[in-house]
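# Architecture at a glance
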Amino acid sequence: MGEEKKSSEAVKYYRLAEIEKQNSFKSTWIIIHNKVYDVTKFLEEHPGGEEVLREQAGGNATESFEDVGHSTDAREMASSMVIGEVHPEDRHKLSQPEVMGLCAPLTVRLSCSWWSNMLVPALVAVIVTVIYNMYSSE
Ligand code: HEM
């Protein structure tokens with residue numbers, strides 16, 4: 001007998017593509033901290049309203065869930081709705097901000113696009129100036 005958390009059943013992993021489809025009245029899934037929750041039956045009972053849950057349906061609700069500062073009761077309630085976890089290979093897609101490249105590690109979501117767009121031309125200008133000065137001073 002193993003002492004692992006889930007001794008009797010293996011964790012069910014869902015791919016993001018599959019989770020994203022569960023965003024209807026028939027079936028509403030949300031993701032919180034890489035866990036997949038089936039909140040279909042809970043929609044009407046949610047004290048925060050069904051609308052907020054449906055807005056997040058099929059997607060990552062971690063930030064919204066934490067922003068509200070849900071109680072311990074709410075968290076316990078939530079744990080009964082867990083149906084599985086996001087596939088490990090898909091998790092990085094959830095934690096990244098929507099911007100790519102240089103902006104990603106900085107989490108400056110709104111302001112990064114203008115400066116990263118300026119960064120490359122600015123660097124090119126600096127390099128050109130340096131090379132120009134090197135040649136012209138000879
Ligand atoms: C399985 C997931 C969830 C469960 C079990 C849950 C449960 C609850 C419970 C029990 C409350 C009452 C207050 C408390 O005990 O903290 C509540 C309030 C609330 N929830 Fe959720 N919730 C879930 C997900 C979400 C998500 C994803 C959002 C946002 C998109 C959200 C937004 C809210 C809001 C806005 C309130 C109202 C807070 C207030 O009126 O003070 N909840 N939720």
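For the protein, the name recorded in an unreviewed UniProt entry is Cytochrome b5, with Maylandia zebra as its organism. The record held by UniProt for the protein lists under Sequence similarities (unreviewed entry) the comment "Belongs to the cytochrome b5 family."

### A short note on the layout of surface pockets
Picture a little ball the size of a water molecule; that probe, rolled over the atoms, points out where space is still empty. Approximately 370 Å³ is the volume attributed to the second largest pocket. What lines the second largest pocket is a set of 21 residues, among which Phe42, His46, Leu53, Phe65 and His70 lie closest to the centre. Looking at the lining of the second largest pocket, the elements with two or more residues in it are strand S2 (29–32), helix H2 (50–56), helix H3 (62–68) and helix H4 (72–79). Broken down by element, the residue count for the lining of the second largest pocket peaks at four residues, all from H2. Split into classes, the residues belonging to the lining of the second largest pocket amount to 15 nonpolar, five polar and one charged.

### Points about the site of the ligand
Inspection of the region around the ligand gives 20 residues, with His46, Pro47, Gly48, His70 and Ser71 positioned closest. Taking His46, its side chain carries an N or O atom lying 2.8 Å from a nitrogen atom of the ligand. According to the grid-proximity analysis, the pocket containing the ligand is the second largest pocket. Elements that contribute at least two residues to the shell around the ligand include exactly S2, H2, H3 and H4.

### A closer look at the sheet that holds S2
Taken together, the four strands give an open sheet; going across it, the order is S1-S4-S3-S2, and neighbouring strands pair in mixed fashion. Edge positions in the sheet fall to strand S1 (13–14) and S2, since each of these pairs with one other strand and no more. Examined bridge by bridge, strand S3 (residues 35–38) and strand S4 (residues 82–86) share three bridges and lie antiparallel to one another. Residue Val36 lies in a different strand from S4, and its bridge partner there is Gly84.

### What to know about the confidence of the model for the protein
Here the protein shows a mean pLDDT of 85. Residues at 70 or above account for 78%. Within the protein, S3 carries the highest mean pLDDT (98), whereas helix H6 (residues 112–136) carries the lowest (84). For residues 97–101, every residue scores under 50 in pLDDT, and the model assigns this stretch five contacts once sequence neighbours within four places are set aside. As a predicted assembly, this complex carries a pTM of 0.72 together with an ipTM value of 0.95.

### Things to note about the packing of aromatic side chains
As enumerated under the stated definition, the model contains one aromatic pair in all. Between Tyr14 and Trp29, the ring centres sit 4.9 Å apart and the planes meet at 65 degrees, which makes this aromatic pair edge-to-face. Highlighted residues: Tyr14 in strand S1 and Trp29 in strand S2, separated in sequence by 15 residues. Its relative accessible area of 9% is what places Tyr14 among the buried residues. Between the NZ or CZ atom of Lys12 and the centre of the ring of Tyr14, over which it lies, the distance is 4.6 Å.

Calculation criteria
Residues numbered from 1 in each chain as written. Predicted model: local features only at pLDDT ≥ 70, side-chain atom pairs only at ≥ 80, totals over all residues. Heavy atoms only, no water. UniProt positions renumbered as here; feature names shortened; annotations may be inferred. 1 Å grid on protein atoms, 1.4 Å probe; cavity = no way out; pocket = protein on both sides within 12 Å on 5 of 7 lines; lining within 4 Å. Points joined across faces, edges and corners; volume = space filled by probe spheres on them. Helix = DSSP H or I, 4+ residues; strand = E, 2+ residues; numbered from the N terminus. Nonpolar A, V, L, I, M, F, W, Y, C, P; charged D, E, K, R; others polar. Near = heavy atom within 4 Å. Polar contact = N/O pair within 3.5 Å; in protein donor to acceptor, adjacent residues only side chain to side chain. Sits in = over half its atoms within 2 Å of the grid points. Pairing = 2+ DSSP bridges. pLDDT = per-residue confidence, 0-100. Contact = heavy atoms within 4.5 Å. Phe/Tyr/Trp six-rings, centres within 6.5 Å; stacked < 30°, edge-to-face > 60°. Buried < 20%, exposed > 50% of the residue type's maximum accessible area, 1.4 Å probe, protein only. Lys NZ or Arg CZ within 6 Å of the ring centre and 35° of its normal.

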